[in-house]
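Chain and residue survey
Single-letter residue listing:
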Amino acid sequence: MKSLSLLAASLAFASAMSSAAFAQTTLTMWYHGAGNEVESNIINQIISDFNASQSDWVVEIESFPQAAYNDSVVAGALAGNLPDILDVDGPVMPNWAWSGYMQPLQIDEAKIANYLPGTKGVWNGELYSIGLWDAAISLVTRQSYLDELGLRVPTLEQPWTGEEFMDALAKAKASGKFDHALDLGTAWTGEWYPYAFSPFLQSFGGDIIDRSTYTTAEGVLNGEAAVEFGTWWQGLFTEGYAQATQDPADRDNGFNSGKYAFSWNGNWAALGTLDAYEDVLFLPAPDFGNGPKIGAASWQFGVAATSEHPDGASAFIEFALQDKYLADFSNGIGLIPATASAAALTENYEEGGPLAVFFGLSEAQALVRPVTPGYVVAAKVFEKALADIANGADVQDTLDSAVDEIDADISKNDNYGF
Amino acid sequence: MAQITADNHGLRLVVRYTVLGLIALMFVFPLVFMLMSSLKPDAQLLSDTRSLRAFLPVGDISLDNYFDAFRRAPVGLFIFNSVVVTGITVVLSLMVCSAAAFAFVFVDWRGRELVLTLILATLIVPFETIAIPLLLIASKLPWLGLDGLSYGWLNSYQVQIIPFVADGLTIFLFVQYFKDLPGELIEAARVEGASWWQVYRRIVMPLAGPVLATAAILKFLAMYNQYLWPLMVVQEETYRPVMVGLQYFFQLNRAWGEIMAYLSLITVPVLAFYLFLQRAFIASIASTGVKG
């Protein structure tokens, strides 16, 4: 009898243990980092730590190559096959939230109070996504070039004016030392154009969409300031300072091999440049009259609208918001950690670090791209308009056409809820 | 009138082969560039692009890019997936489309002209326009597998194969070829009591070698190069094909050498398949211009 009781107790214990194991709920996660070994290792480490830290949830990841990621998510949403957790590029988030692919995050917002502004994905007054890092652009050059050309070093407090910037390009061209004065990265297409070049437009006083209403581009993309920007933009190519069509190899290696005096490039390329030269300078954007601007917002984590476990998904995201993980990502892939405390833990962004300047740029100059679901269409229209103007199209006509196209899309989508 | 002499005949041959050689080089250069670049580190690869060195195995040559490519992505799995999907689709497509074409050309049934016209009309419909409806259907279809009945074909081989088994172009190729076969052969067989199946299997298909090769190559290329559809229906790495896998190498800082190594690896099955069928393929292309 005693042995029977022992057996029953053992069975009950085993059953309780197995149901505890089965009580763990699986959360699926999609991530854009397939093919990047370092990034994959870090995200896998976070998942492993999270899974070991509690007994309610188990996160399983499926990685996609970045270039295929957005299309895969849209297709997954159409087929009703989204995961619990996904990551999203900052400017795309409003579109996915508006389309019903995402739901607001359930995390303690006090934890992200000191995060860089570009890392917070807020749409319609609610936080939908949060990034562990941001990216920033700077005007890359060398101290020796500035010395040779007789140019002062611009600072965050006193960036170059538009006139000073054009003077720098003219002097670089006149020196005859470079194939072109400025590497704009026109070889990179897609999101690079609005991310890298719309801040110039904003510094001139224009924008891609009127942010006061988000229902039109009229006046901001084809008004006086925008035309002034467009004329300046076209001048970069007609004056021979930059190339409207660029060999991708020159984008990757041109500045590092001495073909350009200046390069408009992101912090992700900075380490390679530091390897190439000892006197590299990462300069702030020039001020064309309305303040110096650079783009903001990179990849962020969010919860799919179809997730049946938003509490678990949010718990994972909140878990990932630890300085040590922010620092790991920064050390691993060179991006800017979202907090100053995490920056202090990194090799490149700690005070006095070789890339610390980017943290300051992000804080001081970053402006998120228009926070509207219509951005994804407007961004493509903007890219085409800039490429056309670079190749000689009439500035006013091209910008007017772009406005018509953007406004037609906004109208077709009932003002995207604005 | 100019005489053909041994001298100018020889000259003509030299000119002809020079021109043909130059044309051949134009087509071969990209492949040579790809192969040579796959052996060079990125910095050298980029600096060589503006000289003939780009086509030569010079400088710092190694297989490092190939090892790195295998480290970055499951290259073997992607090639296996593509070969499986492409191979099965090609075989099924040849069977189904040739049988359909046989029915259109040799079997007399009401409405066949109309149905054939409708099938050929699908040639002008781009795949992109039907991709989303097809995705919605595929995501709900039932499937009887080893695990029993399930719903939804996403993340599987069948979702990459079955929608492409029958297509207007392959049926059209077979119809055109079958129309040129002598009708007397079919009539004689029928008079002798052969069934339609026997006519198809024992008379028509043995004569269809060239069109089989052409259809197989065209289908192979179309399937092997599939990108949009697998992107939409395959979320699990386990089923991803080579073209989606190519995107693994397009990171912010592109690894050009690895990209060239990956491209070289995934080109091998295509070249092997083409070389295997090239004699029949050329015969088929040549025969399309000969009306007897």
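Residues numbered from 1 in each chain as written. Chains lettered and ligands numbered in written order. Predicted model: local features only at pLDDT ≥ 70, side-chain atom pairs only at ≥ 80, totals over all residues.

Let us look at the overall build of chain B. Within chain B, the secondary structure is distributed over 14 helices and 2 strands. Its C-alpha radius of gyration of 24 Å places chain B more than 25% over the 19 Å reference for a compact globule of 292 residues. A principal-axis box enclosing the C-alpha atoms of chain B has dimensions of 75 × 70 × 30 Å. When burial is assessed residue by residue, chain B has 33% of its 292 residues classed as buried. Contacts in chain B between residues at least 24 apart in sequence constitute 74% of all its contacts with a sequence separation of at least 6. (Helix = DSSP H or I, 4+ residues; strand = E, 2+ residues; numbered from the N terminus. Rg over C-alpha atoms; globule rule 2.2 N^0.38 Å. Buried ≥ 20, exposed ≤ 12 C-beta atoms within 10 Å, placed from the backbone. Contact = placed C-beta atoms within 7 Å.)

Let us now look at the overall build of chain A. Assigned secondary structure in chain A consists of 16 helices and 15 strands. A compact globule built from 418 residues would reach a C-alpha radius of gyration of about 22 Å, and chain A, at 24 Å, matches this within 12%. Seen along its three principal axes, the alpha-carbon backbone of chain A occupies a region of about 100 × 50 × 35 Å. Put simply, chain A has 418 residues, and 51% of those count as buried. Looking at chain A alone, contacts between residues at least 24 apart form 75% of all its contacts between residues at least 6 apart.

This brings us to the interface of chain B and chain A. Each partner contributes residues to the interface: chain B has 24 residues there, and chain A has 22 residues. Contributions of two or more residues to the side of chain B that touches chain A are made by helix H3 (64-72), helix H6 (127-138) and helix H12 (228-233) of chain B. Per-element accounting of the side of chain B that touches chain A gives the leading share, 3 residues, to H6(B). In the side of chain B that touches chain A, the residues fall into 13 nonpolar, 6 polar and 5 charged. (Nonpolar A, V, L, I, M, F, W, Y, C, P; charged D, E, K, R; others polar.)

Let us look at the domain arrangement of chain A. Residues and elements named next belong to chain A. By domain assignment, chain A separates into domain 1 (25-135 + 298-368) and domain 2 (137-294 + 374-417). The centre of domain 1, based on its C-alpha atoms, is set 27 Å off from the matching centre of domain 2. With 19 residues of domain 1 at the interface, the matching set in domain 2 holds 20 residues. (Domains from an automatic or database assignment.)

Quick look at the confidence of the model for chain B now. Residues and elements named next belong to chain B. For chain B, the average pLDDT comes to 90, and 94% of its residues sit at 70 or higher. Of all helices and strands in chain B, the one with the weakest mean pLDDT is helix H14 (residues 256-287) (84), whereas helix H7 (residues 158-161) scores best (97). Model confidence for the complex is summarised by a pTM of 0.85, with the ipTM given as 0.81. (pLDDT = per-residue confidence, 0-100.)

On to the packing of helix H8 (residues 224-238) of chain A against helix H16 (residues 395-412) of chain A. All names here are of chain A. With their axes 9 Å apart at the nearest point, H8 and H16 run at an angle of 125° to one another. One finds that H8 runs oblique with respect to H16. Crossing handedness for the pair H8 and H16: right-handed. Seen from H8, the contacting residues are Ala226, Val227, Gly230, Thr231 and Gln234; seen from H16, they are Val395, Gln396 and Leu399. (Axes fitted to C-alpha atoms, helices over the stretch in contact; angles between N-to-C directions. Parallel < 35°, antiparallel > 145°, perpendicular 65-115°, else oblique. Left-handed = near helix turned anticlockwise from the far one by under 90°.)

What follows covers the UniProt feature "transmembrane region" (unreviewed entry) in chain B. All names here are of chain B. Mapped onto this structure's residue numbering, the UniProt feature "transmembrane region" (unreviewed entry) falls at residues 14-36, 78-107, 114-137, 157-178, 199-222 and 259-277. Secondary structure content for residues 14-36 is 100% helix and 0% strand, and the end C-alpha separation is 29 Å. Taken end to end, residues 114-137 comprises 79% helix and 0% strand; its first and last C-alpha atoms sit 26 Å apart. (UniProt positions renumbered as here; feature names shortened; annotations may be inferred.)

Residue and element names in this part refer to chain A. The phi dihedral of aspartate 414 is positive, around 50°, even though this residue is not glycine. Looking at the secondary structure, you find aspartate 414 in the segment after H16. With a phi angle near 60°, asparagine 415 is a residue other than glycine that sits in the positive phi range. Here asparagine 415 shows up in the segment after H16. On the basis of neighbour count, asparagine 415 is assigned to the partly exposed category, with 15 C-beta atoms found within 10 Å.

This next bit is on the domain arrangement of chain B. Residue and element names in this part refer to chain B. By domain assignment, chain B separates into domain 1 (1-62) and domain 2 (74-287). On a C-alpha basis, the centroid separation for the pair domain 1 and domain 2 is 34 Å. Facing the 9 residues of domain 1 at the interface are 7 residues of domain 2. Of all the secondary-structure elements, those providing two or more residues to the side of domain 1 that touches domain 2 are helix H1 (6-37) and helix H2 (42-48). Split by residue class, the side of domain 1 that touches domain 2 holds 5 nonpolar, 2 polar and 2 charged.

Residues and elements named next belong to chain A. Taken in spatial order, the 4 strands of this open sheet run E9-E10-E8-E11, and their pairing is mixed. With partners counted over all chains shown, the strands left at the sheet margins are strand E9 (180-183) and strand E11 (280-283), one partner each. Strand-to-strand twist in this sheet, taken as the mean axis angle between neighbours without regard to direction, amounts to 20°. Pairing analysis gives 4 bridges linking strand E8 (residues 137-142) to E11, with the strands arranged antiparallel. The partner of arginine 142 across the bridge, within E11, is valine 280. The sheet strands contacting helix H6 (residues 162-175) are E9 and strand E10 (260-266), and the helix crosses E9 at an angle near 130°. (Pairing = 2+ DSSP bridges.)

Attention now goes to the pairing of strand E6 (residues 126-130) of chain A. All names here are of chain A. Across 4 bridges, the pairing between strand E5 (residues 120-123) and E6 is antiparallel. Paired with valine 122 across the strands is leucine 127, a residue of E6. As defined by bridge partners, E6 adjoins strand E13 (residues 299-304) across 2 bridges and the pair is classed as antiparallel. By the bridge assignment, serine 129 is partnered in E13 with glycine 302.

Bringing the environment of Ile46(A) into the picture now. Residues and elements named next belong to chain A. Along the chain, isoleucine 46 turns up in helix H2 (residues 37-53). Sequence separation between isoleucine 46 and leucine 169 is 123 residues, and the spatial gap between their C-alpha atoms is 45 Å. Look past the residues within four positions of isoleucine 46 in its chain and what remains in contact with it is Ala320 and Tyr325.

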